[in-house]
Structures are given as structure tokens and as C-alpha cells.
Amino acid sequence: MFYVLSGLCFGIATILRPSSVIILVALILFLIWKLLLEKFKNWKKIIVTLIVICVVSIGTIKLFDLAMVKFEFVPNSAVTQNLKYFKFVTGIYGKTIYGFKSTSAEKTQYYYDLEYLGFNYDQYNEICKNTLIDSLKNDTQERIRFISDKMTTYCGANDNQIQYAYDNIKDDNLCNIFQYYGYVQYVLLLLLSLICSFIYLKKRKELKYAQKDEHLDIIFKAAFIGYFLVHLFIEAQPRYRYEQYFMLVIISAPCLSIIFDKIEKIWLKVKNKKIYLDEVITEEDEK
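The rules behind each value
Residues numbered from 1 in each chain as written. Predicted model: local features only at pLDDT ≥ 70, side-chain atom pairs only at ≥ 80, totals over all residues. Heavy atoms only, no water. Helix = DSSP H or I, 4+ residues; strand = E, 2+ residues; numbered from the N terminus. Buried < 20%, exposed > 50% of the residue type's maximum accessible area, 1.4 Å probe, protein only. Contact = heavy atoms within 4.5 Å. pLDDT = per-residue confidence, 0-100. Axes fitted to C-alpha atoms, helices over the stretch in contact; angles between N-to-C directions. Parallel < 35°, antiparallel > 145°, perpendicular 65-115°, else oblique. Nonpolar A, V, L, I, M, F, W, Y, C, P; charged D, E, K, R; others polar. Core = buried A, V, L, I, M, F, W, Y, C linked by side-chain atoms within 4.5 Å. Salt bridge = Lys/Arg side-chain N within 4 Å of Asp/Glu carboxyl O. Patch = residues over 30% accessible without salt bridge, like charges linked within 9 Å, V, L, I, M, F, W, Y side chains within 5 Å. Areas by Shrake-Rupley, 256 points an atom, 1.4 Å probe, with all protein chains shown as cover.

Student: Help me get a handle on the overall build of the chain, residues and values and all.
Tutor: Within the chain, the secondary structure is distributed over eleven helices and zero strands. The secondary structure elements of the chain, listed N-terminal to C-terminal, are α-α-α-α-α-α-α-α-α-α-α. Counting only residues that meet the buried cut, the chain has 28% of its 287 residues in that class. Considering only residue pairs separated by 6 or more positions, the chain has 67% of its internal contacts joining residues 24 or more positions apart.

Student: Which residues make up the confidence of the model for the chain, and what values do they have?
Tutor: When pLDDT is low, close inspection of the predicted coordinates is not appropriate. Chain-level pLDDT for the chain is 83 on average; 87% of the residues reach the 70-or-more range. Ranking the elements of the chain by mean pLDDT puts helix α8 (residues 166–169) last, at 65, and helix α7 (residues 140–156) first, at 92.

Student: Requested: an account of the packing of helix α4 (residues 86–93) against α7, with residues and values cited.
Tutor: Packed helices, taken two at a time, are described by the angle between their axes plus the distance between the axes. One can describe the packing of α4 onto α7 by two numbers: an axis separation of 8 Å at closest approach and a directional angle of 95°. Considering the angle they form, α4 stands roughly perpendicular to α7. The segment α4 lies against α7, with T90, G91, I92 and Y93 engaging R143, F146, I147 and K150. Looking at side-chain class alone, the contact of α4 with α7 contains four nonpolar, two polar and two charged residues.

Student: Can you break down the nonpolar core residue by residue, with the values?
Tutor: Ranked by size, the top nonpolar core spans 16 residues in total, and within it F10, L27, L31, I46, I53, I219 and M247 carry the most contacts. For this core, the elements supplying multiple residues, two or more each, are α2 (21–37), α3 (43–70), α10 (217–230) and α11 (242–286). A per-element tally of this core places α2 first, with seven residues. For I219, the contacting residues outside a window of four places in its chain are A26, L27 and F30. Counting residues in each nonpolar core, the second largest holds eleven residues, with L83, I97, L117 and C128 among its members.

Student: Just give me the short version of the environment of T131, but keep the residues and values in it.
Tutor: Counting through the fold element by element, T131 comes out in helix α6 (residues 121–138). Here the alpha-carbon distance between T131 and I97, two residues 34 residues apart in the chain, equals 7.8 Å. Discounting chain neighbours no more than four positions away, the residues touching T131 are Y93 and I97.

Student: Explain the pattern of salt bridges to me, using residue names and the numbers behind them.
Tutor: A side chain with one charge may pair with a side chain of the opposite charge, provided their charged atoms come close. Per the stated rule, a full pass over the model turns up six salt bridges. Here E243 ties to R17 by a salt bridge, and the two come within 2.9 Å at their closest N and O atoms. Here R17 lies in the loop between α1 (2–16) and α2 and E243 lies in helix α11, a separation of 226 residues in the sequence. Of the residues examined, E243 reaches a relative accessible area of 6% and is grouped as buried. Here E235 ties to K87 by a salt bridge, and the two come within 3.5 Å at their closest N and O atoms. Highlighted residues: E235 in the loop between α10 and α11 and K87 in helix α4, separated in sequence by 148 residues.

Student: So, unusual backbone geometry: which residues are in play, and what are the values?
Tutor: At F40, a residue that is not glycine, the phi angle is positive and equals roughly 60°. With respect to the helices and strands, F40 occurs in the loop between α2 and α3. The partly exposed category is assigned to F40, whose relative accessible area is 46%. Residues other than glycine seldom take positive phi values, yet F119 does so here, at roughly 55°. Topologically, F119 is positioned in the loop between α5 (109–116) and α6. The class of F119 is partly exposed, set by a relative accessible area of 37%.

Student: How would you summarise a nonpolar patch on the surface if you had to cite specific residues and measurements?
Tutor: The grouping of I32, L36, F40, W43, I47, I51 and V55 at the surface amounts to a nonpolar patch, some 670 Å² of accessible area in total. Of all elements in the fold, only α2 and α3 reach the threshold of two or more residues within the nonpolar patch. With four residues, α3 is the single largest residue contributor to the nonpolar patch.

Have a look at this one:
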């Protein structure tokens, strides 16, 4: 039942946000790695887990898609896209095929590209594919440089989600607070995650917690890396990394736990010392 519920949740997550499939991939890779690590000790249970989660997840997505088409909410599919390569064109080629610019949320640069071709999706997909192949083949260094610059901005620039409201609040101190402290939080999470990973590598044998040997943190680390790798090839903007924030929060949690434990121990020492001094002073006064 638990595996069925997990598959259902993964299916719903993928419908709501297709990139959520990276977490499912991370889980599958983790289970396969665990299978090899344990030398196929519990192979039946792990194989059943993989099959149930994958079947239920894919089934949920397919049923949703069929329902959307059946009730005529969408013409073909609510999950798969008619434009197969446009995300890769943006992520690798760096611009639209014909150089048009967006004028609104509805009439984007891709809308104008399609309009130029009479909304012939098949023709546009073929042109995008050929453009990508030609660009990677004949302009490799420029593509590598573009991807490098894109990922530097993706990883290091301020989160630009606020841009949608920027014109209305750009002169407000609240805007500066969101931009500054949002970035500080991101850097802090990265730092804590690195510290936590370092502690785990160096002092794993000394650490004591219930699921230490389950290696569950690897799922979130794999998902974090997966979100980075996928954006090498598709569009990447600083606001897209919000999906990785959840992974960083989970990865960095043990580090915060260690810090709070240290603070608690220091506080107890100070408190006990104060109680001891109070008792000594009281005894001296009685004498």
C-alpha cells in the first residue's frame, strides 16, 4: 500500500511539475545502488518496490492524460508537448530560430516562430532538431561557452522570481529585503549542506542516528545533482533552482541539528554552573 501511495504521489507531482520526475529517477537509482551495495540481499523486495512505484506513477499520468482528452479540456495531451525541442533550443542554442522577441505572456518568442511557419508543429520541430545538431557540430566551443555562462548565472545570480512584481515594488525596501535575504538564505543552505556532507564523510562511524546505514540522504543529493545536470541542456534561470532549495534544506538539516545540540549542551553547562554557584553561596550565607 505504501508503494502504491508513493507511486501515486510521484505521478501527481510529475503532472503538476514535469521536472519532479528527477526525484523519481533519483529514487530508482538509489534503489538500484542499494541493491548492488547489499549484494542482492533483499532483491525481491527492491525489485517489487521499483516495479510498483514506476507502474503506479506512469499509470496515474496516463489516466490523467486520457481523462483530459476525453473531457475535451485539451486537444491531444495535457502532459506531453507538441514542441519537442524548444526547451533545448533555449538551453543550448540560446535564442529562438528566427530571432523573434516575446511581447506578452501569451505571445512569446516561440509563438511568433510558429506563426511564421503557419503553426506547423512538425516542421518547427524538424527545424529545431536540425538547428541544434548543426550548432553542436559546427559551433561546439561557442555552445560550451554559452552553457558555462548560463549555468554560472543559474547557480550564482540572485533569484529573479521577484521580477514579475518588480515594477510595482522596485522602490520599496521590501524588494531589497527579498532580494538580499533570499540570496543569503541560498548561500547559507549551500554552506550548511557542504559542512554536513564533510562531517558525514569524515566522521560517519562516530555519528549515531536510527537510519544511518540506510543512506537515505543520497536520494536528495542525487536529486540535487540531477536538477543541475538537466539544466545544462534546457533553459536555466536563477528562479528555476527553487526546486533544489528543498533538497538543500533536507541535506543541511543534520548540520543544524548538530549546531542546536552544541548550543543546548553549552546552555546546560552554564545553567548547571549557575545552580552550583547559587548553592555554594546559599551554604556560605547559612554558615
